[in-house]
Amino acid sequence: MPALKLHSQLNLSYSNGPGARFVLWVQGCSLGCPGCFNPETHDFDRGELVAVQDLVGKALKLKTKIEGITISGGEPFQQPEALFEFLKEFKERSDLSVLVFSGFTLSEIEEQPSLKRSLPYIDVLIAGRYAANLVESNKWLGSANQQQHLLTDRYTQEDLQSVPKTEVQISSDGEIRKSGIDPLG
Ligand code: SF4
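So, a few notes on the structure that sits alongside this text.

The rules behind these values
- Residues numbered from 1 in each chain as written.
- Predicted model: local features only at pLDDT ≥ 70, side-chain atom pairs only at ≥ 80, totals over all residues.
- Heavy atoms only, no water.
- Helix = DSSP H or I, 4+ residues; strand = E, 2+ residues; numbered from the N terminus.
- Axes fitted to C-alpha atoms, helices over the stretch in contact; angles between N-to-C directions.
- Left-handed = near helix turned anticlockwise from the far one by under 90°.
- Contact = heavy atoms within 4.5 Å.
- Nonpolar A, V, L, I, M, F, W, Y, C, P; charged D, E, K, R; others polar.
- 1 Å grid on protein atoms, 1.4 Å probe; cavity = no way out; pocket = protein on both sides within 12 Å on 5 of 7 lines; lining within 4 Å.
- Points joined across faces, edges and corners; volume = space filled by probe spheres on them.
- Buried < 20%, exposed > 50% of the residue type's maximum accessible area, 1.4 Å probe, protein only.
- Arc of directions from axis to C-beta.
- Phe/Tyr/Trp six-rings, centres within 6.5 Å; stacked < 30°, edge-to-face > 60°.
- Lys NZ or Arg CZ within 6 Å of the ring centre and 35° of its normal.

Let's talk about unusual backbone geometry
In this model, Gly73 is joined to Gly74 through a cis peptide bond whose omega is 10°. Inspection of the secondary structure puts Gly74 in the loop between strand 4 (68-72) and helix 2 (80-92).

As structure tokens, then:
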């Protein structure tokens, strides 16, 4: 079973997709979008390798608290085998939803069989290169040029539009964590 290289994770978020979600930010991206909001996720030599089985186990432990998971990055589809194995096992063992952010367009993903095989396990794909100059200030969905693909009927455009753009969490030990697009500058 492969391992996914992670930058970070957040057990409970309300600003990375509809409802409460477990969020994974993968490590590694070579796409070089102008004005990328997460450049510390680019280096493939950084991050932590986590066995897919352990990640699925963790997501399933959270299943009474969340309605789904979100995978962002970094570029999830640049770890195609681990992404596929994770999504397949997660979907086979739960009915929770999956939302994925990718810098690739849907056509680019569909052109490569090793990437395309993950699509049946994704409910919402936010796809395409991020462009900082096209960010809409009132939305969490990235830049206006990116496409929102509802790959299943799990969610509607209205569901996506109602997600808060950003959130701030304060842990019991006082650590402040911001999440979402352009969180509070
Ligand atoms: S795909 Fe995502 S992580 Fe990669 S450069 Fe673009 S915005 Fe940044």
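Focus on the packing of helix 1 (residues 52-61) against helix 2
Packed helices, taken two at a time, are described by the angle their axes make and the gap between the axes. The contact between helix 1 and helix 2 brings their axes to 9 Å, and the two run at 35°. Taken as a pair, helix 1 and helix 2 cross one another with a handedness that is right-handed. For the pair helix 1 and helix 2, contact is made by Val52, Gln53, Leu55, Val56, Ala59 and Leu60 and by Ala82, Glu85, Phe86, Glu89 and Phe90, respectively. Partitioned by chemical class, the residues of the contact of helix 1 with helix 2 number eight nonpolar, one polar and two charged.

Comments concerning empty space enclosed by the protein
Gaps left between atoms show up when a probe the size of a water molecule is rolled over them. Enumeration over the complete set of coordinates arrives at one cavity of 30 Å³ or more. Roughly 260 Å³ of volume is contained in the largest cavity. What lines the largest cavity is a set of 24 residues, and nearest its centre among them are Cys33, Phe37, Gly74, Gly103 and Tyr130. Looking at the lining of the largest cavity, its residues break down into eleven nonpolar, twelve polar and one charged.

Focus on helix 1
Here helix 1 has its buried residues at Val52, Leu55, Val56, Ala59 and Leu60. All buried residues of helix 1 lie within an arc of 135° about the axis, which places them on one face of the element. Exposed positions of helix 1 whose direction lies more than 90 degrees from the buried face are Asp54 and Lys61. Looking at the buried positions of helix 1, the neighbouring elements they touch are strand 1 (3-13), strand 2 (21-26), strand 3 (48-51), strand 4 and helix 2.

A few points about the environment of Leu125
Within the secondary structure layout, Leu125 lies in strand 6 (residues 124-127). For the pair Leu125 and Gln147, spaced 22 residues apart in the sequence, the C-alpha separation amounts to 7.9 Å. For Leu125, the residues in contact, after removing those within four places along its chain, are Phe77, Val100, Ser102, Leu106, Ile109, Leu119, Gln147, Gln148, His149 and Leu151.

Some details on the packing of aromatic side chains
Counted according to the given criterion, the structure contains three aromatic pairs. On the basis of an interplanar angle of 65° and a centroid distance of 6.0 Å, the ring pair of Phe84 and Tyr121 is categorised as edge-to-face. Residue Phe84 is found in helix 2, and its partner Tyr121 is found in the loop between helix 4 (113-116) and strand 6; the two are separated by 37 residues along the sequence. Accessibility classification places Phe84 together with Tyr121 in one group, the buried group. Consider the rings of Phe86 and Phe90, whose centres lie 6.0 Å apart with planes at 10°: the pair is stacked. Of this pair, Phe86 and Phe90 both sit in helix 2, separated by four residues, roughly a single helical turn. Each of the two residues, Phe86 as well as Phe90, counts as buried. A cation sits over an aromatic face here: Arg117 above Phe84, 3.9 Å from the ring centre.

Remember, this is a structural readout, not a statement about activity or role.
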